[in-house]
Amino acid sequence: WHHKPDINEELLQSLPNLKVVASSGVGIDHLDLKLLSSYGVKVANTPFIVSTDTADMGMALMLASSRRIVEGHEMAVSPDTEYFSADWLGVEVSGETLGIVGMGTIGYKVAQRAKAFEMKILYHNRNQRKKEEESAVGAVYCKKIDDLLQQSDFVLLAMNLTPQTRKLIGKRELELMKPTATLINISRGKVVDQDALVEALQNKVIRAAALDVTYPEPLPRDHPLLKLKNVIITPHIGSATKKTRWVMMEEMAESIEAGLAGLPIPREVL
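Predicted, not measured: the structure shown is a model, and the values here were computed from it.

**Focus on the overall build of the chain**
Within the chain, the secondary structure is distributed over 10 helices and 9 strands. Taken over C-alpha atoms, the radius of gyration comes to 20 Å for the chain, in line with the 18 Å a tight globule of 270 residues would show. Projected onto its principal axes, the C-alpha positions of the chain cover 65 × 50 × 35 Å. Of all 270 residues assigned to the chain, the portion counted as buried reaches 44%. A fraction of 62% describes how many contacts in the chain between residues 6 or more apart in sequence connect residues 24 or more apart. Only carbon and sulfur atoms are counted for the fraction: they give 54% of the accessible area of the chain, which is about 15,100 Å².

**Examining helix α3 (residues 51–66)**
Counted at 1.5 Å a residue, the expected span for α3 with its 16 residues is 22 Å, and the 23 Å between its end C-alpha atoms agrees. Here α3 lies mainly inside the structure; 12 of its 16 residues are buried. Those residues of α3 that fall on the buried side of the exposure criterion are S51, D53, T54, A55, M57, G58, M59, L61, M62, A64, S65 and S66. Two residues or fewer past α3, R68 is found with a positive phi of approximately 55 degrees.

**With respect to helix α9 (residues 194–202)**
Taken as a whole, α9 has its buried residues at Q194, A196, L197, V198, A200 and L201. Buried residues belonging to α9 abut α8 (171–176), β7 (182–185), β8 (208–211) and β9 (231–233). Taking the backbone nitrogen of D195 as reference, a side-chain oxygen 3.2 Å away marks D193 as the first, capping residue of α9. Backbone geometry just downstream of α9 places K204 in the positive-phi region, at approximately 60 degrees.

**Remarks on the confidence of the model for the chain**
Averaged over every residue, the pLDDT of the chain is 96; residues scoring 70 or more account for 99%. Mean pLDDT in the chain bottoms out at strand β1 (residues 20–22), which sits at 95, and peaks at strand β6 (residues 154–157), which reaches 99.

**What about unusual backbone geometry?**
Residue P216 is reached from Y215 by a cis peptide bond, and omega for that bond is -5 degrees. In this fold, P216 is placed in the loop between β8 and β9. For the bond from E217 to P218, the omega torsion is -5 degrees, close enough to zero to count as cis. Structurally, P218 can be placed in the loop between β8 and β9. In the Ramachandran plot, E118 falls in the positive-phi region, its phi being about 55 degrees despite a non-glycine side chain. Examined against the element boundaries, E118 turns out to sit in the loop between α5 (105–116) and β4 (120–124). Phi is positive for K204, close to 60 degrees, though the residue is something other than glycine. With respect to the element layout, K204 can be found in the loop between α9 and β8.

**Section: the environment of A114**
Tracing the chain through its elements places A114 in helix α5. According to the relative accessible area criterion, A114 is buried, its value standing at 0%. Setting aside chain neighbours within four positions, we find A114 in contact with M59, L98, M119 and I121.

Definitions and limits used
- Residues numbered from 1 in each chain as written.
- Predicted model: local features only at pLDDT ≥ 70, side-chain atom pairs only at ≥ 80, totals over all residues.
- Heavy atoms only, no water.
- Helix = DSSP H or I, 4+ residues; strand = E, 2+ residues; numbered from the N terminus.
- Rg over C-alpha atoms; globule rule 2.2 N^0.38 Å.
- Buried < 20%, exposed > 50% of the residue type's maximum accessible area, 1.4 Å probe, protein only.
- Contact = heavy atoms within 4.5 Å.
- Areas by Shrake-Rupley, 256 points an atom, 1.4 Å probe, with all protein chains shown as cover.
- Expected span 1.5 Å × (residues − 1).
- Polar contact = N/O pair within 3.5 Å; in protein donor to acceptor, adjacent residues only side chain to side chain.
- pLDDT = per-residue confidence, 0-100.

Structural data, given as structure tokens:
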């Protein structure tokens, strides 16, 4: 469940009868697919079941960050609180511009939810969506990520981690964002240059960040991200609901059973 044991050459050599590796969730960046294939081992994941809950999580982080829910809770329950300040303010979500980087299944479901908040939706993706899909959520394609970053009030990351997306958001990209903007990451920690993000948050290059993913997980207890008021961090719980985790386990078991029986694997990673 926590990417253990490491599926490396040493392990593969010690398991000559291994036929299938089943991984929970969408991301397979922790697996060397070429190495596994060279040993005749097939790989399966659970890509579709996680999308709804992860999209919900993206919206939850956007709302919690914009309305300062965590800070507000701390204020409301603090023994030192004597009154609620009238100038303690958050920022709007409804009607604002959301930029989605990675418009796959999860990104598109975020757009569907954002439409209900009357948000203006921009997206950057390797491939442009069909016109009818764009129209259904009112999304506008940005071929260049720079255009999205410059215009968005919220930038939400929902792409897979690949060599091309590693540290996709770095110092330059953060400086392109509005100083009032919030970065939301529900993909993988390593798509963001974390040192550059710390610097941007400390120097108010951007307003805030809301992260369900970091690297490593959990962060060292003295990490500067843990000390910043304008950051919300959750423990990689995008798919963590009872129903979804149960179905994920069922799907992994189905893939394993199919692989062992020599049948087509329903969710094989090719």
